[in-house]
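As a plain string of letters, each chain reads:
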Amino acid sequence: MLTKFETKSNRVKGLSFHPKRPWILASLHSGVIQLWDYRMGTLIDRFDEHDGPVRGVSFHSSQPLFVSGGDDYKIKVWNYKLRRCLYTLLGHLDYIRTVQFHQEYPWIVSASDDQTIRIWNWQSRSCISVLTGHNHYVMCASFHVKEDLVVSASLDQTVRVWDIGGLRKKSVAPGGEDPFSRHMPKEMRGDDLFGGGDAVVKYVLEGHDRGVNWAGFHPSLPLIVSGADDRQVKLWRMNDTKAWEVDTLRGHVNNVSCCMFHARQDIIVSNSEDKSIRVWDMSKRTGVQTFRREHDRFWILAAHPEVNLLAAGHDSGMIVFKLERERPAYAQHQGTLYYVKDRYLRAYDYGSNRDSPLISVRGARGGNAGAPRSMSYNPAENAVLVNFDAEGGSYELHVLPKGGGGGAEPVDSRRGVGSSAVFVARNRFATLDKGAHEIQIKNLKNEVTKRCAPPDATCDGIFYAGTGTLLCRCEDKMILYDVQQRSTMAELATPSVKYVVWSSDMSLVAMLSKHAIVIANRKLGQAVTVHETIRVKSGAWDDSGVFVYTTLNHIKYALPNGDSGIIRTLDTPVYLTKVFGGVVYCLDRDGRNRQIQIDTSEYMFKLALIQRKYDQVLAMIKSGALCGQSIIAYLQNKGFPEVALHFVKDERTRFDLAIECGNIEVALAAAQELDDKDTWHELGVQALRQGNYQIVEFAYQKTKNFERLSFLYLITGNTEKLRKMLKIAEMRSDVMGQFHNALYLGDIPERLRILEESGQYPLAYLTAKTHGMEEDASRLETILTEAGCTVPEVDGTGVLLVPPEPITLGDNWPLLTVSKGFFEGVLAGDISASDYVMEEGEDAGAGWGDDLDLDLGGDEGAKEKEEDPLAGLGLGDDDEREGDGEDDGSDAGWDMEDLELPADLGAGADDGADAGVSEVFVAPTAGVPVARRWTQKSAIPGEHAAAGDFDSAMKLLNRQLGVVNFAPLRQHFIDAALATHAAMSGVTSAPSLSFPLGRNWNSDLAPGVGCAPALVSSLPLLEDRLKLAYKTTTEGKFGEALKMFQGIIHSIAVLLVETRREVDEVRELLGIAREYASALRIEIKRKEYKDDPKRAAELAAYFTHCAMQPIHLSLSLRSAMSIFFKLKNFNTAAEFSRRLLELSPPVKVAQQAKQVLQACERENKDEVELDYDSRNPFVVCAATFTPIYRGTADVACPTCGARFVKEQEGTVCPVCNLGKVGADATGLVCSPEQRK
């Protein structure tokens, strides 16, 4: 059995596969219906409207519907797209056992404990026929796939076959009208409920000695299978006139609960309450396989209608499984593929598409080995090794005939015991003997020539790694092992590897595990890992060095640097054998060779970009074969925003990319199209970084940012425009703006006027007196004296504040000098692409073009007058203003929209007048910050917090632990972020430089990979804090100890550990902290009930049931013993005394406990009735501090695991102060090992 998916839940009583999607319905004994995606392993939805167990469930073959029947006597029809019940069918008078949709007609058949079978029309929502005849519970009923028959099984020990041909003729009008397009005729809506001859008994099959639990039709043959409480599975055959028993299959040792025919093989599958699933050969009528569970009884089976999948429901969930492997064993060499199909080794020629059988493969030990697992081919000797899983591992060695073909017997054929047989030399092969724990080297005569111990004690598989070397699979790593030298050459930590694929030149290797692919070089260095959420099935190397692989539903690619993407979607899984050009050669699960066309342009573009083959990149760009957001995002992340700019038409995206690569021209054009305030502000910031203050001025004008504009004129020394800004502020009645501009200009009379007009006479007096304006000072002094105000004193040391003259008074500051990007020069036509054809290994910086400068200061040769940027504000020269006549002060004078950009600002390039001179305009592209790398492929909240990305850390904690209250984690986040960065001061007045701090650095790290972030907290540190919390608890400082334990829980939320063992320790630590936090809250609460001895005694009793260290448990028992003894509850006090004595306390404590026990045994009664039953297992609700006895519905905190009564669902957990009680969560990820 190959288990594909498993769930843990209440008892599963009904199962149904979706015919097209990878979904399965499971109906539970608790009344819930679960919809699972068994491929992704996720719960899609749950439906819980039934009252009581749901025993039957069935998907419709084409509509988005399913039907369910339960112990509430109701049949419900659901629409899973709408996620609700559409309607309920009522009529049965007892439990409903099974329900099923008809393949063609709008019918549902249901079986019930009311001894009837009913057929319903789900379109008209009415019962159209009732089949009566059974005289006990009807356990199941189902339609035949093709014929008008129904089979039913009952506890009356019979199986009945019903002919519903009359019902079909009566219900479906002649002429072939689609039954789904209309309702039933009026006369069929339940008028003839118990008669009419629509459905009649055709056969009654008697032979079982006890009640029959299940019966089902064969999909194509006239056969029926049934299983009963007599522990037997019976096979029946029928014809047009009669039905009879063919054989009985014995082997189950308890009631057979379900049985069915396999859809694609001649076998019968049955399960039973004896906790086993059995597989029977139909032709030999014998059992061939048995699968057992330790503790769970099986109740139901389901088979997928199209795929080779089965599902079984048991006491604690369900499993989806296959009976045997469907992957064909294959090996390819040059232009030929060797593979096994139908017990024949076949050869397929890629060039001619010729497929021919070579030899028959007998299989290990008489052919019961099942499908072969893998194959190894030796071209030198024309020999193959075929591996089987049977008997702990076996192999067959075949030397192929030179002529080949025709299914001839091999020239030489041998077999042996050993797993993972692979050729390691021209005439040698290696096998792993797990029993003797050794690697055996054998010759082609199957004789052992050498033995050596595996490089690791956990080695359980070997793979070919070149002549004389092997890749050994160990528990958590792969080891490159030299067989001749018996030495380890290299090691690499990996998840459990299933298949190894080498490139044609043996320079790269891909190691495939269940959900990951590890790509490394010949010496297992420069390893990268590609993670997948669904199963990886196969892979092959492209000639260009790209690994193409398949999952269950995609063909994907992986580049040597770890980047991956999707090539195309698959309808059914395939197994790649070769990739050549744009064609993928593969085998399907039926062993057929297929060719699939793929588009390689995306991964070839990315590969060329990584390998710096810019001429190829340019050719792909100009061909226009690439498009899409994924390419744009990829180029942006890899530091090529100027290339992404070529693909983008959206102005917002163009603006963002232009800003990132420093292309002010494109950013300016995009900003003019977008024309919003934020865009102009961002453009101004970027232009200021480059020193292009003309565009900064224009951006500030567009946003009407007068304060920034004034400061810009100040630092550029443009006093003329500063005076204009002073007048604009006056028109806007902006007093502070006027004062600032007057201050910038050093205009004392203007400052004096502004202060006086605004009523600031003391400040005006100070200004006049300080700067020697005695006449104005005397006038202001008189005004202050008349007003009765104190005249300020002036010390006479003040000096005039005049802004310094700027050093440079040109059109622009010296622009930031950077090198021009390759793609911008070529795409703009300034540089020939042929100048950039790079040789292998050549530095990317070689041969770069001339620097260009973005000249925004006007063209000297144009002889055109430059427009005043402030002309649109309505402010010309002073003389012109005086001649304007009147100034009404209206807003029309400063409409910023009237400003026009100088004509030369928007120019994309020089007009050619001065082609010999060009200036640089592209800012250097920043690399990917190390902190961003930490978060790119990490699902660990602690790493995201360490990188400073608090938002993603909170999202991960919400998804993994259901955290909704992040306030307690604030300081933990800040500490984690500060601990991973160091600051170093730079030059004077410059900001300090921030450097990321990593951990586990070593010299073998690839350039640019970087280390994982440093940790502020560690497991040993938390263990020390735990010891301190224990000590504080012992000292009786419960409030302080509670904060310590809650702090441990908070620290675990952002903790990061390295190994799986440490993950287990973290979980154990979390459980300890939760138990202590819950216990201490109970004790603190007890002390609040000094006036209520009854409630205080209950809490003292609950305190003793918390999982604590023996010393603390002993203290809690002593306290409870004393409280109950004083309350005269002697019976319960005696129980505490006994529990205390079981802990072997100190002599003095033991003596006291014995005395209390003797006194209590004399009384042996409880005076006060309490809500406490020590004999009924319970947990204490962490919110209400009441017991939750076993079997009572409860909810839990997904963060710490504390338990609560159902009414507390949706509240914040008071134990950890983080999680939302009852929320769904996937579980904490605190180690990279958990994702492997």
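Residues numbered from 1 in each chain as written. Predicted model: local features only at pLDDT ≥ 70, side-chain atom pairs only at ≥ 80, totals over all residues. Heavy atoms only, no water.

(A) Focus on the overall build of the protein. If you tally the helices and strands in the protein, you get 28 helices and 63 strands. Split by element, the accessible area of the protein, about 57,900 Å² in all, is 47% carbon and sulfur. (Helix = DSSP H or I, 4+ residues; strand = E, 2+ residues; numbered from the N terminus. Areas by Shrake-Rupley, 256 points an atom, 1.4 Å probe, with all protein chains shown as cover.)

(B) Spotlight on unusual backbone geometry. Located in the positive-phi region is Lys275, a residue other than glycine, with phi close to 70°. Positive phi, close to 60°, is recorded for Met506, a residue that is not glycine. Relative to the helices and strands, Met506 resides in the loop between β45 (497-502) and β46 (508-513).

(C) Just the state of the cysteines, in detail. For the structure shown, the criterion picks out 0 disulfides. For the unlinked cysteine Cys452, the closest cysteine sulfur is that of Cys472, found at 8.2 Å. Here Cys452 falls in the buried class, since its relative accessible area comes to 3%. (Disulfide = S-S within 2.5 Å. Buried < 20%, exposed > 50% of the residue type's maximum accessible area, 1.4 Å probe, protein only.)

(D) How the structure looks around the side chain of Ser1137. Note that Ser1137 resides in helix α27 (residues 1130-1142). With relative accessibility at 0%, the residue Ser1137 sits in the buried group. In contact with Ser1137, other than residues within four places in its own chain, are Met1121, Ala1153, Val1156 and Leu1157. (Contact = heavy atoms within 4.5 Å.)

(E) Structural context of empty space enclosed by the protein. Under the counting rule described, the total for this entry stands at 5 cavities of 30 Å³ or more. Considering only enclosed or pocket space, the largest cavity measures out at about 80 Å³ in volume. In terms of lining residues, the largest cavity is bounded by Gly942, Glu943, Ala946, Ala976, Thr980, Pro1013, Ala1014, Leu1015, Val1016, Ser1017, Val1054 and Leu1056. The dominant element in the lining of the largest cavity, judged by the number of residues it contributes, is helix α19 (residues 941-946), at 3 residues. (1 Å grid on protein atoms, 1.4 Å probe; cavity = no way out; pocket = protein on both sides within 12 Å on 5 of 7 lines; lining within 4 Å. Points joined across faces, edges and corners; volume = space filled by probe spheres on them.)

(F) Structural context of the packing of helix α13 (residues 748-757) against helix α14 (residues 761-770). Where α13 contacts α14, the axes come no closer than 8 Å and their chain directions differ by 160°. In terms of axis orientation, α13 runs roughly antiparallel to α14. As α13 runs across α14, the sense of the crossing is left-handed. Here Ile748, Arg751, Leu752, Leu755 and Glu756 of α13 come into contact with α14, specifically with Tyr761, Leu763, Ala764, Thr767 and Ala768. The residue makeup of the contact of α13 with α14, split by class, is 7 nonpolar, 1 polar and 2 charged. (Axes fitted to C-alpha atoms, helices over the stretch in contact; angles between N-to-C directions. Parallel < 35°, antiparallel > 145°, perpendicular 65-115°, else oblique. Left-handed = near helix turned anticlockwise from the far one by under 90°. Nonpolar A, V, L, I, M, F, W, Y, C, P; charged D, E, K, R; others polar.)

(G) Fine view of the UniProt feature "repeat: WD" (unreviewed entry) in the protein. Sequence positions flagged by UniProt for "repeat: WD" (unreviewed entry) are, in local numbering, residues 5-46, 47-88, 89-130, 131-164, 205-246 and 249-290. Helix makes up 0% of residues 131-164 and strand 59%, and the two end C-alpha atoms of the span are 10 Å apart. (UniProt positions renumbered as here; feature names shortened; annotations may be inferred.)

(H) Focus on helix α23 (residues 1038-1053). The first and last C-alpha atoms of α23 sit 23 Å apart over 16 residues, in line with the 22 Å expected at 1.5 Å per residue. Among the residues making up α23, those that are buried are Phe1038, Ala1041, Leu1042, Phe1045, Gln1046, Gly1047, Ile1048, Ile1049, His1050, Ser1051, Ile1052 and Ala1053. Buried residues in α23 make contact with α19, α20 (950-961), α21 (970-979), α22 (1019-1034) and α24 (1060-1086). (Expected span 1.5 Å × (residues − 1).)

(I) Focus on the nonpolar core. One finds Phe1045, Phe1204 and Cys1213 to be the most contacted residues of the largest nonpolar core, which totals 82 residues. Among the elements that line this core, the one with the most residues is α24, at 10 residues. Setting aside chain neighbours within four positions, we find Cys1213 in contact with Cys1197, Cys1200, Ala1202, Phe1204, Leu1218, Gly1219 and Val1221. The next biggest cluster of nonpolar side chains, apart from the first, holds 57 residues, and it includes Phe5, Ala228, Phe261 and Ile268. (Core = buried A, V, L, I, M, F, W, Y, C linked by side-chain atoms within 4.5 Å.)

(J) Spatial organisation of the environment of Ser992. Considering the arrangement of structural elements, one finds Ser992 in the loop between β56 (981-984) and β57 (993-996). On the basis of relative accessible area, Ser992 is assigned to the partly exposed category, the value being 48%. For Ser992 and Ala982, which are 10 residues apart along the polypeptide, the C-alpha to C-alpha distance reads 9.8 Å.

(K) Inspection of the sheet that holds strand β49 (residues 536-541) at higher detail. In spatial order, the strands read β49-β50-β51-β52; together these 4 strands make up an open sheet with antiparallel pairing. The outermost strands of the open sheet, each flanked by one partner alone, are β49 and β52 (564-569). When the angles between neighbouring strand axes are averaged without regard to direction, this sheet yields 25°. The pairing of strand β51 (residues 554-558) with β52 spans 5 bridges and is classified as antiparallel. Looking across to β52, one finds that Lys556 is bridged to Ile566. (Pairing = 2+ DSSP bridges.)

(L) Quick peek at the sheet that holds strand β17 (residues 200-206). Across the sheet, 4 strands lie side by side as β14-β15-β16-β17; this open sheet has antiparallel pairing. Only two strands of the sheet have a single neighbouring strand rather than two, namely β14 (138-143) and β17. Each adjacent strand pair in this sheet contributes to an overall mean axis angle of 20°, direction not counted. By the bridge criterion, 6 bridges tie strand β16 (residues 158-163) to β17 in an arrangement that is antiparallel. In the strand pairing of β17, Asp163 is matched with Val200.

(M) Local environment of the side chain of Ser1231. Position of Ser1231 relative to the elements: it lies in the segment after β63 (1203-1205). Looking at Ser1231, the relative accessible area reads 0%, which means it is buried. Polar side-chain contacts of Ser1231 include one of 3.3 Å to the backbone oxygen of Glu1058. If sequence neighbours within four positions are ignored, Ser1231 has contacts with Ile940, Val1057, Glu1058, Thr1059 and Val1063. (Polar contact = N/O pair within 3.5 Å; in protein donor to acceptor, adjacent residues only side chain to side chain.)

(N) The arrangement of the packing of aromatic side chains in detail. For the structure shown, the criterion picks out 33 aromatic pairs. Through pairs of rings, three or more aromatic residues link up here, namely Trp23, Phe47, Phe59, Phe66, Trp78 and Tyr80. (Phe/Tyr/Trp six-rings, centres within 6.5 Å; stacked < 30°, edge-to-face > 60°.)

(O) Quick peek at the environment of Asp51. Topologically, Asp51 is positioned in the loop between β5 (42-47) and β6 (54-59). Residue class for Asp51 comes out exposed when judged on its relative accessible area of 63%.

(P) Highlighting the confidence of the model for the protein. Looking at the protein as a whole, its pLDDT mean stands at 80, while 82% of the residues score no less than 70. Contacts of residues 174-196 to residues separated by more than four positions or lying in other chains number 41 contacts, the stretch itself having pLDDT below 50. Counting interchain partners and residues more than four positions distant, the pLDDT-below-50 stretch residues 830-920 has 127 contacts. (pLDDT = per-residue confidence, 0-100.)

(Q) Spatial organisation of the packing of α24 against helix α25 (residues 1093-1103). Close contact between α24 and α25 brings their axes to 9 Å; oriented N to C, the two are set at 160°. Overall, the two elements α24 and α25 adopt an arrangement that is roughly antiparallel. Crossing handedness for the pair α24 and α25: left-handed. Mapping the contact onto sequence places Ala1079, Leu1080, Ile1082, Glu1083, Lys1085 and Arg1086 in α24 and Ala1096, Leu1099, Ala1100, Tyr1102 and Phe1103 in α25. Tallied by class, the residues present in the contact of α24 with α25 amount to 8 nonpolar, no polar and 3 charged.

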